[in-house]
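This is what each chain is made of:
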Amino acid sequence: MVLLNLSLTRKFSSGYINHRLEYYSITAIPNCLEISHQGLYDWLKYLDGIGEVKKLEIKQWNKNSREIYSYQYVNRIPLRDSRPAIKVNWCNLIHIRESDRKILYENAFITHHELTKQSVPLITAAGQCRWKTENENHNVLKTKGYHLEHNFGYGQEHLASCLLTLNLLAFLFHTVLYLTDLAYQQIRHKRGTRKGFFQDILSLTKYLLFESWPSLIDFMLYGSKPNLQTTPPNFLNLELLVGNINGTGSSDNNTIIGYGIGDNIIDGGAGNDTFAGNSQNNIFNGGSGNDTFVFGSVGMTTLTQLGIDSIADFTVGQDKIQLSESIFHIPAVGINNFIAVADDAAAATATATIVYSKTTGNLFYNSGIATSVQFAQLGTGLTLSQNYFLVSAAMVV
């Protein structure tokens, strides 16, 4: 005979399941609450009225408090009020602290074990151990970031076993990592709760591409730059939400936005790409294709929100620079709004709105009110004209 501790819902503590357990000589100790077994409790009320429900009370000290274990039990009681109904042995435990009569634990169980004064404390203790194990261990799979549900058992075909297996495998892998992998132990200790750790992974992998699991863990532990060297095929939008990140587009037409608070290095690869930076000093490598470099993305309204972005390979005849009308205060870049000068000294005295210094490659904005401000750096000696500048009221990114 095998002893099992089970937590059974109304469906699984039914007569059918108990018949099958009895057939295979398996003895279980499932919960048996009134809400799910009204017929059995109607019998209990009747038997209690005629004195057939036996009672046992045990008092004992637990550290500094005296506690009372109050038992009720009866053997051979019908599981339900309809036929056929198998007969089970029922017991109930109420654990009370004597000083203030506070109920510390209360539960009821059914079993095929014969209940006596000697066995009922052992049976209820076994049932309580199962309850404690479920709440303190098994429920990790329900409350700590996994998705185990009691109603997996109601799935059709192989759904229940598949979902249960996936949960158990995830828990197994994480347990092995926690026992054997130093980096995993460190990040778990650093992050605290298991659920919070999973939420961090979900947030990071939603927006960032990591080359491997160690790359992800290293980034979480040390803030090291993740290897974001390649986006998958046809990946059109890449947003870098954490500062100091290297991001690389694919061979398609990408939109790559460097948000966050750090300096980003962004490589577009092949294709006609669109780049936008943050308030820091970013480096753009357009790669081949007709690329657009945006200055003033969504949410920016003043020049102070721009950093000084470097365009490493701006190609005359292919690439464009797109300016935000709300920041640069020009309806369009015309012949009177752009000028290329010899050096930075000449740029400081120029009257055009956008000024390019051929010697340094610096690109300045001149509001006409204050000193001109550098907002970008291109290659030196470029043959630039107003034709390579666009102005947009609503930025595309």
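What counts and what doesn't
- Residues numbered from 1 in each chain as written.
- Predicted model: local features only at pLDDT ≥ 70, side-chain atom pairs only at ≥ 80, totals over all residues.
- Heavy atoms only, no water.
- Helix = DSSP H or I, 4+ residues; strand = E, 2+ residues; numbered from the N terminus.
- Phe/Tyr/Trp six-rings, centres within 6.5 Å; stacked < 30°, edge-to-face > 60°.
- Buried < 20%, exposed > 50% of the residue type's maximum accessible area, 1.4 Å probe, protein only.
- Contact = heavy atoms within 4.5 Å.
- pLDDT = per-residue confidence, 0-100.
- Expected span 1.5 Å × (residues − 1).
- Axes fitted to C-alpha atoms, helices over the stretch in contact; angles between N-to-C directions.
- Parallel < 35°, antiparallel > 145°, perpendicular 65-115°, else oblique.
- Nonpolar A, V, L, I, M, F, W, Y, C, P; charged D, E, K, R; others polar.
- Pairing = 2+ DSSP bridges.

Asks: How would you sum up unusual backbone geometry? Please name residues and give values.
Replies: Negative phi characterises most residues that are not glycine, and trans characterises most peptide bonds. Non-glycine residue Arg-76 carries a positive phi angle of around 60°. Of note, Arg-76 is situated in strand S4 (residues 65–78). Unlike most non-glycine residues, Arg-101 shows phi in positive territory, near 60°. Residue position: Arg-101 is located in the loop between strand S5 (87–97) and strand S6 (102–111).

Asks: Quick rundown of the packing of aromatic side chains? Include the residues and the values.
Replies: In this structure the tally under the stated criterion is twelve aromatic pairs. The interplanar angle of 90° and the centroid separation of 5.2 Å between the aromatic rings of Phe-328 and Tyr-365 together place this pair among those described as edge-to-face. One end of the pair, Phe-328, is in helix H9 (residues 325–328); the other, Tyr-365, is in strand S18 (residues 362–365), with 37 residues separating them in the sequence. With a relative accessible area of 0%, Phe-328 lands in the buried category. Summarising the aromatic geometry, the rings of Phe-338 and Phe-389 are spaced 5.0 Å apart at their centres and angled 40° between planes, so their arrangement reads as tilted. With a gap of 51 residues between them, Phe-338 in strand S16 (residues 338–341) and Phe-389 in strand S20 (residues 389–392) connect regions that are remote in the sequence. Take Phe-389: its relative accessible area is 6%, and that puts it in the buried class. An aromatic cluster is defined as three or more aromatic residues linked by ring pairs; in this entry it consists of Phe-284, Phe-293, Phe-314 and Tyr-388.

Asks: Hey, could you go over the environment of Lys-54 for me, with residue numbers and the actual values?
Replies: Considering the arrangement of structural elements, one finds Lys-54 in strand S3 (residues 54–62). You can call Lys-54 partly exposed: its relative accessible area is 48%. Once the C-alpha coordinates of Lys-54 and Asn-75 are considered, the two residues, 21 residues apart in sequence, prove to be 9.4 Å apart. Residues in contact with Lys-54, not counting those within four places in the same chain, are Tyr-71, Gln-72 and Tyr-73.

Asks: Break down the confidence of the model for the chain for me, citing the residues and quoting the values.
Replies: For the chain, the mean per-residue pLDDT works out to 77, and 71% of the residues sit at or above 70. Segment residues 1–14 is flagged for pLDDT under 50; beyond a separation of four residues in sequence, or across chains, it makes 40 contacts in the model.

Asks: I'd like a description of helix H7 (residues 194–207), backed by residues and values.
Replies: In this model, H7 (14 residues) spans 21 Å end to end at C-alpha, consistent with the 20 Å of a helix rising 1.5 Å per residue. Taken as a whole, H7 has its buried residues at Arg-194, Gly-196, Phe-197, Phe-198, Ile-201 and Leu-204.

Asks: Break down the packing of helix H6 (residues 182–191) against H7 for me, with residues and values.
Replies: In contact at an axis separation of 8 Å, H6 and H7 are set at 105° when each is read in the N-to-C sense. When the axis of H6 is compared with that of H7, the two are roughly perpendicular. In this structure, H6 contributes Tyr-184, Ile-187, Arg-188 and Arg-191 to the contact, and H7 contributes Arg-194, Gly-196, Phe-197 and Asp-200. Split by residue class, the contact of H6 with H7 holds three nonpolar, one polar and four charged.

Asks: Mind laying out the pairing of S5, listing which residues take part and the relevant values?
Replies: Within S5, eight of the eleven residues are buried, which leaves the element mostly enclosed by the surrounding structure. Across ten bridges, S4 lies against S5 in antiparallel orientation. Along S5, the bridge assignment pairs Ile-77 with Val-88. Relative to S6, S5 runs antiparallel, the two being bridged by nine bridges. Looking at the pairing, His-95 lines up with Tyr-105 of S6. A loop of four residues connects S5 with S6, the two strands running antiparallel in sequence, and Arg-101 in this loop sits at a positive phi of about 60°.

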